[in-house]
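# A closer look at the structure
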2 protein chains.
Amino acid sequence: MSRRTYGQYCAMARALDVLGERWTLLIVRELLTGPKRFKDLLEGLPGIGTNLLAARLKDLEGEGVLRRTTLPPPAGSAVYQLTERGRDLEPVLMGLARWGVDQLGEPHTGEAFRPVWAVQAMKATMGPEAARWVRETYEFHVGEDVFHVRVDDGVSEPEYGPAFEPDLVLRTDGDTFLSLVSGRLEATDAIEAGKLRVEGDPEALARVSDIFGPPVGARRSGTGLGAS
Amino acid sequence: MSRRTYGQYCAMARALDVLGERWTLLIVRELLTGPKRFKDLLEGLPGIGTNLLAARLKDLEGEGVLRRTTLPPPAGSAVYQLTERGRDLEPVLMGLARWGVDQLGEPHTGEAFRPVWAVQAMKATMGPEAARWVRETYEFHVGEDVFHVRVDDGVSEPEYGPAFEPDLVLRTDGDTFLSLVSGRLEATDAIEAGKLRVEGDPEALARVSDIFGPPVGARRSGTGLGAS
DNA sequence: CGGAATCCTCTTCGATACTG
DNA sequence: CAGTATCGAAGAGGATTCCG
């Protein structure tokens, strides 16, 4: 029962008492892109085991990080959703993403990959100069996954599910998407090869590949906290 | 043996593969205030156990987060020191601190407390308006601990050990220090009560209590990442 | 004495099977 | 579909011992 704590009167240790256990922060990552059902979470956290997920969700609900709610009709399914306190964790996750991209390298064989993860990493590493003046929504269909990204003046907000009125809709498969975001493949080439289909403003395609083309626009860009 | 990984091609998951195990980020926290010996780390991480600390240090050295070096004479002792890649983790720790202060509350009985932790939390929660125009160094002697804080135009940098040319030297005990930073006690009252001794510019004392007085100047201040 | 390997007990994790 | 129950395997915590 008794949650294990560090027993330190320290802000970071207290945060880690809540968030430091295995899988916990990845659950938050999943919920950053919108509410999810138990099943969806299992999908996004391969290897977690149902008992552990259930336990973590219960803990996190107790800590006020997420809430168990029922989606409005017609869906009506039970979902887990971040509270405001949970969404406050976004900067932490983005910081981890910024640190993690540098040692991402090539995908290992057998490694799981979900397209949204890439978009979340983009968001983290995007400098304020990228996508400036742009205010558009892109909808992605990557294999079975459907998600969209709202870009608004230098900030991108990835979210699960279809968009309301997307300016551009892109359809591709997981491998092609990975090649695109890692810069190994150009969008125009992918279209010619029949690996990518696009609907919407053709000029928007230029912008979207500009924003999401190279995986990291500017490595070691400002941390914003003046690390020595 | 085999380090446990999430097996996900995701920047955050990769970061957590390296940092997500118990104690790891707290080791980084300790090293953010300067190089430390094995013994010093044990002191700052009550409950860790020598075997685990040794294992973590080896892992982190392998990951390029820290380096085992020998201090220049006359010290000549072996110390652990963050690499640049390790110092890049500061924003992550600061983010955790900002999130953690909100649920810090009153110190639990039996909970460990090291004065530097408080100063690190201050740094994390300090808004850019605080300590603007200030460029001073304060040296703290709290019980056995000696550390200093360099304040430079809105940014504070806590570090272990004495300062080179401190503008102010403060001497007190752990409990009094905790009362001071939590705002339960005013510096002037502490001096009158003989609990705090100060050497240096008297005007600097006003500034230092202004900067480090209330534990959190402005809660929920900007996260700098535009969390929804 | 600082630094680290060894042993042992206990908790947590991971996978599967099972139930409302 | 959403979770609980179970059990072997891995990891953590604490003390002790070893190396320099």
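Up top is the structure these notes are about.
What comes next is a walk through the structure. Since we're looking at a predicted model, the values are computed, not measured. (Residues numbered from 1 in each chain as written. Chains lettered and ligands numbered in written order. Predicted model: local features only at pLDDT ≥ 70, side-chain atom pairs only at ≥ 80, totals over all residues. Heavy atoms only, no water.)

This next bit is on the protein's contact with DNA strand D. The environment of DNA strand D is made up of 17 residues, and the closest members are A:T50, A:R68, A:Y80, B:R22 and B:R56. Of all atoms in DNA strand D that approach within 4 Å of the protein, 78% are sugar or phosphate atoms. Taking A:K39, its side chain carries an N or O atom lying 3.0 Å from a phosphate oxygen of DNA strand D. For the surface near DNA strand D, the secondary-structure elements that each account for two or more residues are helix 3 (38-44) and helix 4 (50-62) of chain A together with helix 4 (50-62) of chain B. Among the residues forming the surface near DNA strand D, the class breakdown is five nonpolar, four polar and eight charged. (Near = heavy atom within 4 Å. Polar contact = N/O pair within 3.5 Å; in protein donor to acceptor, adjacent residues only side chain to side chain. Helix = DSSP H or I, 4+ residues; strand = E, 2+ residues; numbered from the N terminus. Nonpolar A, V, L, I, M, F, W, Y, C, P; charged D, E, K, R; others polar.)

A few words on the protein's contact with DNA strand C. Surveying the vicinity of DNA strand C reveals 19 residues, the closest of which are A:R22, A:W23, A:N51, A:R56 and B:Y80. Sugar plus phosphate: this is where 71% of the atoms of DNA strand C within 4 Å of the protein reside. For DNA strand C, a phosphate oxygen lies 2.5 Å from a polar atom in the side chain of A:R22. Interatomic distance of 2.5 Å between a side-chain N/O atom of A:N51 and a base nitrogen of DNA strand C. Mapped onto the surface near DNA strand C, the elements with two or more residues apiece are helix 4 of chain A together with helix 3 (38-44), helix 4 and strand 2 (78-82) of chain B. No other element matches the four residues that helix 4 of chain A contributes to the surface near DNA strand C. For the surface near DNA strand C, the residue count by class is five nonpolar, six polar and eight charged.

What follows deals with the sheet that holds strand 6 (residues 168-172) of chain B. Residue and element names in this part refer to chain B. The sheet built from five strands is open, its strands ordered 5-4-3-6-7 with mixed pairing. Edge positions in the sheet fall to strand 5 (155-160) and strand 7 (197-200), since each has one partner strand and no second. Strand-to-strand twist of the sheet, defined as the mean angle between neighbouring strand axes without regard to direction, takes the value 20°. Where strand 3 (residues 135-142) and strand 4 (residues 145-152) come together, eight bridges link them in antiparallel fashion. Among the inter-strand pairings, E139 is bridged to a residue of strand 4, identified as H148. Against the sheet, helix 7 (residues 115-125) touches strand 3, strand 4 and strand 5, its axis set at about 160° to strand 5. (Pairing = 2+ DSSP bridges. Axes fitted to C-alpha atoms, helices over the stretch in contact; angles between N-to-C directions. Contact = heavy atoms within 4.5 Å.)

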